[in-house]
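Residues per chain, in single letters:
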Amino acid sequence: VQLQASGGGLVQAGGSLRLSCVVSGGTFSTYVMGWFRQAPGKELEFVAYITRSPGSTYYADSVKGRFTISRDNAKNTVYLQMNSLQPEDTAVYYCAADYTVRLYNRPADYDYWGQGTLVTVSS
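Because the structure is a prediction, the values reported are computed rather than measured.

Q: Requested: an account of the overall build of the chain, with residues and values cited.
A: For the chain, the helix and strand inventory stands at zero helices and 11 strands. For the chain, the α and β elements follow one another from N to C terminus as β-β-β-β-β-β-β-β-β-β-β. Relative to a compact globule of 123 residues, whose C-alpha radius of gyration would be 14 Å, the chain shows 13 Å and is just as compact. Classification of the 123 residues of the chain by burial places 42% in the buried group. Across the chain, contacts joining residues at least 24 apart in sequence account for 56% of those joining residues at least 6 apart. A total accessible area of about 6,200 Å² is found for the chain, and carbon and sulfur atoms account for 47% of it. Distance from the positive charge centre (10 side chains) to the negative charge centre (9 side chains) of the chain: 5 Å.

Q: Would you mind going over the environment of S53 in detail, with residue names and values included?
A: One can find S53 in the loop between β5 (45-50) and β6 (57-59). Distance from S53 to N73, taken between C-alpha atoms, is 8.1 Å for residues 20 residues apart in sequence. Residues within four places of S53 in sequence aside, it is in contact with R71 and N73. A polar contact is formed between the side chain of S53 and the side chain of N73, at a distance of 2.8 Å.

Q: How would you explain the side chain of D89 if you had to name every residue and give the values?
A: Here D89 shows up in the loop between β8 (77-82) and β9 (91-98). The class of D89 is buried, set by a relative accessible area of 0%. Only 2.9 Å separates the side chain of D89 from the side chain of R37, close enough to count as a polar contact. Polar contacts involving the side chain of D89 include one to the side chain of R66, which spans 2.7 Å. When near neighbours in sequence (up to four residues on either side) are disregarded, D89 contacts R37, R66, F67, S84, V119 and V121.

Q: Please provide a residue-by-residue account of the side chain of R71, values included.
A: Within the fold, R71 resides in strand β7 (residues 67-72). Here R71 occupies a buried position and makes no salt bridge, while the nearest side chain of opposite charge, D72, is found at 8.4 Å. For R71, the side chain forms a polar contact with the main-chain oxygen of F28, separated by 2.9 Å. One polar contact links R71 to N73, side chain to side chain, over a distance of 3.0 Å. Look past the residues within four positions of R71 in its chain and what remains in contact with it is F28, S29, Y31, V32, M33, I50, T51, R52, S53, T77 and V78.

Q: Would you mind going over the state of the cysteines in detail, with residue names and values included?
A: A full pass over the atoms with the stated rule returns one disulfide. Linked covalently through their sulfurs, C21 and C95 form a disulfide whose S-S length is 2.1 Å. Across the S-S bond linking C21 and C95, the dihedral sits near 65°, which makes this disulfide right-handed. Of this pair, C21 sits in strand β3 (residues 17-24) while C95 is found in strand β9, placing the two residues 74 residues apart along the sequence. Here C95 falls in the buried class, since its relative accessible area comes to 0%.

Procedures and definitions
All residue numbers refer to position in the chain's written sequence, counted from 1. This being a predicted model, a pLDDT of at least 70 is required before a residue's local features are given, and a value of 80 or more before pairs of side-chain atoms are given or counted; all residues contribute to the totals for chains, interfaces and linings. In computing side-chain properties, one takes all heavy atoms of the structure into account and sets aside hydrogens as well as water. To qualify as a helix, a DSSP run of H or I must reach at least 4 residues; to qualify as a strand, a run of E must reach at least 2; elements of each kind are numbered from the N terminus. Two things to know: the radius of gyration comes from C-alpha atoms, and the globule rule equals 2.2 Å times the number of residues to the power 0.38. Under the scheme applied here, a residue whose accessible area is under 20% of the maximum for its type counts as buried, over 50% as exposed, and between as partly exposed, the area being computed with a 1.4 Å probe on protein chains only. We call two residues in contact whenever any of their non-hydrogen atoms come within 4.5 Å of each other. All accessible areas in this document rest on Shrake-Rupley with a 1.4 Å probe, and a residue is counted as covered only by the protein chains that are shown. His is not counted here, nor are the chain ends, while Lys and Arg score as positive and Asp and Glu score as negative. Taken as the charge location is NZ of Lys, CZ of Arg, CG of Asp or CD of Glu. N or O atoms within 3.5 Å of each other form a polar contact, as long as, within protein, one can give a hydrogen and the other can take it, and as long as residues adjacent in sequence are counted only when both atoms are side-chain atoms. Salt bridge, as applied in this entry: a Lys or Arg side-chain nitrogen positioned within 4 Å of an Asp or Glu carboxyl oxygen. By definition, disulfides here are pairs of cysteine sulfur atoms that lie within 2.5 Å.

Right, here's the structure in full:
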């Protein structure tokens, strides 16, 4: 199973970005999906999670109301729409997948990871 994340970049505070993560080598519809991020000098932290379709979603408190996770099973892709971005959102963002997880906000529960995409928010 391979995950390819994209869509990062440089954006001003208040702006928006949409991250994508394409999954190949498996049956996408059978995976639960998560987004995590790691800021410079900090630990990897949970951002958002989506179950298999129809897809219940869960968010970190820090992004709730600003970020939206979604999935398109026909395109083998999970998205993270990020609005009202702030400098503290600056991080490398990673997508992760597994057939099931015990704790959706725990990185160790996911077997498959993408390479990360850098999001930089300027003030």
